[in-house]
Amino acid sequence: MTVLDQVTSQVMQTAVSEEGLSIPLIDFSHFLQGTPEQKKKCAEEIISGFTNAGFIYLKNHGIPEDHVKTMFENSTEFFKLPQETKESLAWYSARANRGYSTFGREKASRLTSKTDIDDLRLKSPDLKESLEIGRSDQPQYPNLWPPPSVLPNFKPQMEEMFQVNQKLHIEIMRAIAIGLKLDDEKWFDRYCSSADNNMRLLHYPSVKKENLGTGEEERGAVRAGAHSDYGTITLLFQDQAGGLQVRAPNGTYVDATPIPGTIVVNAGDLLARWSNDLINSTEHRVVRPPGEGVKRVNEESGEEEVWYPARYSCVYFCNPNYHDFIEAIPGTYGGEKGEKKYPGVTGEDYMVSRLASTYGST
């Protein structure tokens, strides 16, 4: 085995391999702390994962496990609050993209037309509630926090986690720069400096089996309908409940099984556009998880029922700076690669238009 082969085997394993979909499990410590050769190979595997599957799993990503545990504990406590308290923190605009969304408010979809999304929301509502948190230095778009008297540590701990995620965001974008063979590892840094990102806490409630669809039905509720993400990359922290599925090349959906200690990272629509479609933004959904669920006896009827437990996830949606103009990355067009496929657009114009359709508000 050559030194390069040893490096390759150290960096990449496979997290998912089914129906022609292969999602790599990558040891990100080789990028953060490895030799130059390990760093380069890790970056190449990240690009390979994004160009082929649109998804990767990262282990040894540098975020301490106690930070992740605290984030999930805070999320659980938030969603236990009375509905009236949560509703007082309601999401208020696509431009701000902050606040609480109750069940059925957001409809995850790859559609861009508000009318089409509204129709889909009626046919197949999403069974979830969420809280969106943005950067804390924009007084015109304030974050909406639960009262300190109720959850005293929520705000400072969530703000800290926002910054921890932003640091990882920058490191992954540096890996992408190396993988794309850009001249400067820090090529994306200037586009990520403002942290115009969103951290979303998600709660999918416990639900009876017959009330939770597989995603194949024409009508019926799911936890999150088939969609792609809007920005550059998404960092997903998920519990062990399962239900996330990724679309394979043949059109079927494959379970992206939770792996403890990992972060699932996927490329978004804007990164695909930025890379002139070299990178894939792949559809995914959250539906009825594998397994038979948990049997319970209905206290009123005495009949046995099958329920799926609640699912919690914490998601960090990464975007370029809203004020920056985004057009095809150098080296992704020209010659055999063809011309630029998309006109340039500011980060803000692109994201606000997509969010306005999803939530039905500007």
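Residues numbered from 1 in each chain as written. Predicted model: local features only at pLDDT ≥ 70, side-chain atom pairs only at ≥ 80, totals over all residues. Heavy atoms only, no water.

(A) Structural context of the sheet that holds strand β11 (residues 253–255). The sheet built from four strands is open, its strands ordered β8-β13-β10-β11 with antiparallel pairing. Single-partner strands in this sheet number two, and they are β8 (224–227) and β11. Between one strand axis and the next, the sheet turns through 20 degrees on average, direction left out of account. (Pairing = 2+ DSSP bridges. Helix = DSSP H or I, 4+ residues; strand = E, 2+ residues; numbered from the N terminus. Axes fitted to C-alpha atoms, helices over the stretch in contact; angles between N-to-C directions.)

(B) A look at the layout of surface pockets. Considered as a void within the structure, the second largest pocket measures approximately 230 Å³ in volume. Lining the second largest pocket we find 17 residues, and of these Glu65, Val68, Phe72, Gln238 and Gly261 sit closest to its centre. Looking at the lining of the second largest pocket, the elements that each hand over two or more residues are α4 (65–79), β9 (233–238) and β12 (263–267). Class assignment for the residues of the lining of the second largest pocket results in nine nonpolar, five polar and three charged. (1 Å grid on protein atoms, 1.4 Å probe; cavity = no way out; pocket = protein on both sides within 12 Å on 5 of 7 lines; lining within 4 Å. Points joined across faces, edges and corners; volume = space filled by probe spheres on them. Nonpolar A, V, L, I, M, F, W, Y, C, P; charged D, E, K, R; others polar.)

(C) Region of interest: the pattern of salt bridges. Counted by the stated rule, this structure contains 22 salt bridges. Its salt-bridge partner being lysine 41, residue glutamate 44 comes within 3.8 Å of it at the nearest N-O pair. Here glutamate 44 and its partner lysine 41 are both found in helix α3 (residues 36–52), three residues apart, which amounts to about one turn of the helix. Given the relative accessible area of 16%, lysine 41 is considered buried. The salt bridge partner of glutamate 77 is lysine 80, with a shortest N-O separation of 3.3 Å. Residue classification places glutamate 77 among the partly exposed positions, given a relative accessible area of 37%. Among the residues examined, lysine 80 registers a relative accessible area of 58% and is labelled exposed. What emerges from the salt-bridge pattern is a single network uniting Lys40, Lys41, Glu44 and Glu45. (Salt bridge = Lys/Arg side-chain N within 4 Å of Asp/Glu carboxyl O. Buried < 20%, exposed > 50% of the residue type's maximum accessible area, 1.4 Å probe, protein only.)

(D) A look at the nonpolar core. Within the largest apolar cluster, 69 residues are counted, with the highest numbers of intra-cluster contacts made by Ile176, Phe188, Ile233, Leu235 and Phe237. For this core, the element with the most residues is helix α7 (residues 154–179), which contributes eleven residues. For phenylalanine 237, the contacting residues outside a window of four places in its chain are Ile63, Val68, Met71, Phe72, Met161, Asn165, Ile263, Ser313 and Cys314. Residues Ile23, Phe55, Tyr57 and Leu202 belong to the second largest nonpolar core, which totals 20 residues. (Core = buried A, V, L, I, M, F, W, Y, C linked by side-chain atoms within 4.5 Å. Contact = heavy atoms within 4.5 Å.)

(E) Inspection of empty space enclosed by the protein at higher detail. Scanning the entire structure with this criterion turns up two cavities of 30 Å³ or more. Considering the residues around the largest cavity, the lining is formed by 31 residues, among which Arg200, His227, Asp229, Val315 and Phe317 are closest to the centre. Sorting the residues of the lining of the largest cavity by element identifies β6 (198–204), β8, β9, β13 (284–286), β16 (311–317) and α10 (347–359) as the ones contributing at least two each. Looking at the lining of the largest cavity residue by residue, the classes come out as 14 nonpolar, eleven polar and six charged.

(F) Main features of the packing of aromatic side chains. One pass over the structure, following the stated rule, counts eleven aromatic pairs. Here the aromatic rings of tryptophan 187 and phenylalanine 188 are separated by 4.9 Å at their centres, their planes lie at 85 degrees, and the arrangement is edge-to-face. Residue phenylalanine 188 is classed as buried on the basis of its relative accessible area, which comes to 1%. Taking 5.1 Å as the distance between ring centres and 80 degrees as the angle between the ring planes, the aromatic pair formed by tyrosine 191 and tryptophan 274 counts as edge-to-face. On the criterion of sequence distance, the pair formed by tyrosine 191 in helix α8 (residues 189–192) and tryptophan 274 in helix α9 (residues 269–274) is long-range, its members being 83 residues apart. On the basis of relative accessibility, which here comes to 12%, the residue tyrosine 191 falls in the buried class. (Phe/Tyr/Trp six-rings, centres within 6.5 Å; stacked < 30°, edge-to-face > 60°.)

(G) Region of interest: α7. Taking 1.5 Å of rise per residue, 26 residues should cover 38 Å, and α7 covers 37 Å from first to last C-alpha, within 8% of that figure. Among the residues trailing α7, lysine 181 stands out with phi positive, at a value near 65 degrees. (Expected span 1.5 Å × (residues − 1).)

(H) Broad picture of the environment of tyrosine 92. Mapped onto the elements, tyrosine 92 comes out in the loop between α5 (83–87) and β4 (99–101). For tyrosine 92, a relative accessible area of 31% translates into the label partly exposed. When the C-alpha positions of tyrosine 92 and tyrosine 359 are compared, they lie 9.8 Å apart, and in sequence the two are 267 residues distant. Among the polar contacts listed, one links the side chain of tyrosine 92 to the backbone oxygen of proline 142, at a separation of 2.8 Å. (Polar contact = N/O pair within 3.5 Å; in protein donor to acceptor, adjacent residues only side chain to side chain.)

(I) Quick look at unusual backbone geometry. Positive phi, close to 50 degrees, is recorded for asparagine 60, a residue that is not glycine. Within the secondary structure, asparagine 60 sits in the loop between β3 (55–59) and α4. Looking at asparagine 60, the relative accessible area reads 42%, which means it is partly exposed.

(J) View of the packing of α4 against α7. Where α4 meets α7, the closest approach of the two axes is 10 Å, and the angle between their N-to-C directions is 135 degrees. By the angle between their axes, α4 is oblique relative to α7. Handedness of the α4/α7 crossing: left-handed. In contact with His67, Val68, Thr70, Met71, Asn74 and Phe78 of α4, α7 contributes Phe154, Gln157, Met158, Glu160, Met161 and Val164. (Parallel < 35°, antiparallel > 145°, perpendicular 65-115°, else oblique. Left-handed = near helix turned anticlockwise from the far one by under 90°.)

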